[in-house]
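Residue strings, one per chain:
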Amino acid sequence: MFYFQILSQASQPLKKVKFQGLDPDSLYEIRGQILSGDELMAYGLYLNHEFYGDFQSKRIPFKKINQ
């Protein structure tokens, strides 16, 4: 997954990215955590603490864990 922040804001609200097209019954490993596809699509992933300043980008790898 790639995320881009163009302009930063002072005291910006939490940013959440909701995934689409994942298998809701499968598990995924992302940032050392194991999360279900249903959870990633319904609740998403918070990204705010990783971005400071303008014109930031981040690649966040994740993989499906075979059950």
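Residue positions are counted from 1 within each chain, in the order its sequence is given. Where totals are concerned, whole chains, interfaces and linings use all residues; where local detail is concerned, this predicted model gives features only for residues with pLDDT of at least 70, and gives and counts side-chain atom pairs only at 80 or more. Heavy atoms from the whole structure form the basis of all side-chain values; hydrogens and water molecules are not counted.

Draft legend 1. Quick look at the confidence of the model for the protein. One number per residue, pLDDT, summarises how confident the predictor is, and it ranges from 0 to 100. The predicted model of the protein has a mean per-residue pLDDT of 81, with 79% of residues at 70 or higher. Secondary structure elements follow DSSP: runs of H or I of four or more residues count as helices, runs of E of two or more count as strands, with numbering from the N terminus. Mean pLDDT across the secondary structure elements of the protein bottoms out at strand E1 (residues 2–5), with 67, and peaks at helix H1 (residues 37–42), with 94.

Draft legend 2. Highlighting the environment of Leu-7. Topologically, Leu-7 is positioned in the loop between E1 and strand E2 (16–17). The spacing of Leu-7 and Phe-55 is 48 residues in sequence and 6.1 Å in space, taken between C-alpha atoms.

Draft legend 3. Focus on the sheet that holds strand E4 (residues 33–36). For two strands to be treated as a pair, DSSP must find at least two bridges joining them. Taking strand neighbours across the sheet as the criterion, the three strands line up as E4-E3-E7 in an open arrangement whose pairing is antiparallel. The strands lining the two open edges of the sheet, one partner per strand, are E4 and strand E7 (62–65). Mean inter-strand twist for the sheet, computed between neighbouring axes without regard to direction, equals 35°. Pairing geometry for strand E3 (residues 27–30) and E4, over four bridges, is antiparallel. Within E4, the position partnered with Leu-27 by the bridge is Ser-36. Angles shown run from 0 to 180 degrees and are taken between the N-to-C directions of axes, each axis being a line fitted to C-alpha atoms and, for helices, limited to the stretch in contact.

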